[in-house]
Amino acid sequence: MEPVPPPQPRPPHVLVLGGTTEARQVAEALAEPGAPGRTVRVTNSLAGRVASPRLPPGEVRVGGFGGTEGLADWLRIHRVDALIDATHPFAGTISFHAARAAAMVHVPLLALRRPGWVPGEADRWHSVGSLDEAAALLPSLGGRVFLTTGRTGLAAFAHLDGLWFLTRSVDAPGPPCPARMEVLLDRGPFTVAGERELIRRHRVDVLVTKDSGGAATAPKLAAAREVGIPVVVVRRPPVPEGVPVAGTPREALDWLRERFPAN
């Protein structure tokens, strides 16, 4: 009778809370030959807020977890060994759920956050802490607004009947919205020339954006600088206290290699 081979060890399971370019880059890197992902099981989780998201390679789940307790249960049931929070810098709720859930089940957690934008000498930036603060400031800055804060926060500007808005988002926004508004459905990356032409054609005199960071949507800032219009920048929420932060996908991969050196 031939000897029974010993059971193979279970590959470490990594859950990536994604939806960003950086999350997709981590998933792609883990799928390459020689990467730790060749012997690491990776599950990518998407919130499901975009109708047709760009799916990363590997296992993908879509939808929420049901708060902190639901995420903790998922980590436990699926035997997750490491958690990477690579959500959008403004997806603050899921980040705090991730921090609490990871602590509850003793799973190491890393936040992957692209660096924020930094104004140059020629920029006319106004930093605010929320969309409501941005809305309160707008009437003193201009009357034709290029609004690039996403489709879910338009309610903060709905009462500004005296202003006109050019609103850009991936999917169509729902009410409540500003009464005088034109919607542009588009997805980055964008170009400086294209953003400059939008500003010129629509006679925009103020830009509103969140400090999302990254290169894909940064050209609007360069275009605003060139034409000399003010920019209202909503500051990003902080990463939960005590959670280590990586600024690039490469740093996130290094963090994984340190935890799974044999993979």
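Our subject is the structure that appears above.
A brief look at the structure comes next. Position numbers for residues start from 1 in each chain and track the written sequence from start to end. Only residues with pLDDT of at least 70 are given local features in this predicted model, and only at 80 or more are side-chain atom pairs given and counted; all residues enter the totals for whole chains, interfaces and linings. The side-chain numbers reported here are obtained from all heavy atoms of the structure, hydrogens and water having been left aside.

A few points about a nonpolar patch on the surface
Think of a patch as exposed residues, more than 30% relative accessible area, with no salt bridge, where like charges cluster within 9 Å and nonpolar side chains (Val, Leu, Ile, Met, Phe, Trp, Tyr) cluster within 5 Å. The protein chains shown are the only cover counted for residues, whose accessible areas, like all others here, come from Shrake-Rupley with a 1.4 Å probe. For this analysis, a salt bridge means a side-chain nitrogen from Lys or Arg found within 4 Å of a carboxyl oxygen belonging to Asp or Glu. A cluster of nonpolar side chains, Leu55, Val60 and Val62, forms an exposed patch at the surface whose accessible area comes to about 260 Å². Relative to the helices and strands, Val60 resides in strand 3 (residues 59-62). Buried residues are those whose accessible area, probed at 1.4 Å on protein chains only, stays under 20% of the maximum for their type, while exposed residues exceed 50% and partly exposed ones sit between those limits. Given the relative accessible area of 33%, Val60 is considered partly exposed. By definition, any uninterrupted DSSP run of H or I lasting at least four residues is a helix, any uninterrupted run of E lasting at least two residues is a strand, and each is numbered from the N terminus.

What about unusual backbone geometry?
Pro176 follows Pro175 through a cis peptide bond whose omega is 0 degrees. Within the fold, Pro176 resides in the loop between strand 8 (164-169) and strand 9 (181-185). Backbone torsion omega between Gly188 and Pro189 reads 10 degrees, so that peptide bond is classified as cis. If you trace the backbone, Pro189 turns up in the loop between strand 9 and helix 5 (192-201). The phi dihedral of His106 falls on the positive side, at around 60 degrees, and the residue is not glycine. Counting through the fold element by element, His106 comes out in the loop between helix 3 (92-105) and strand 5 (109-112). With a phi close to 55 degrees, Arg203 is a non-glycine residue in the positive phi region. Examined against the element boundaries, Arg203 turns out to sit in the loop between helix 5 and strand 10 (206-210). By relative accessible area, which is 56% here, Arg203 ends up exposed.

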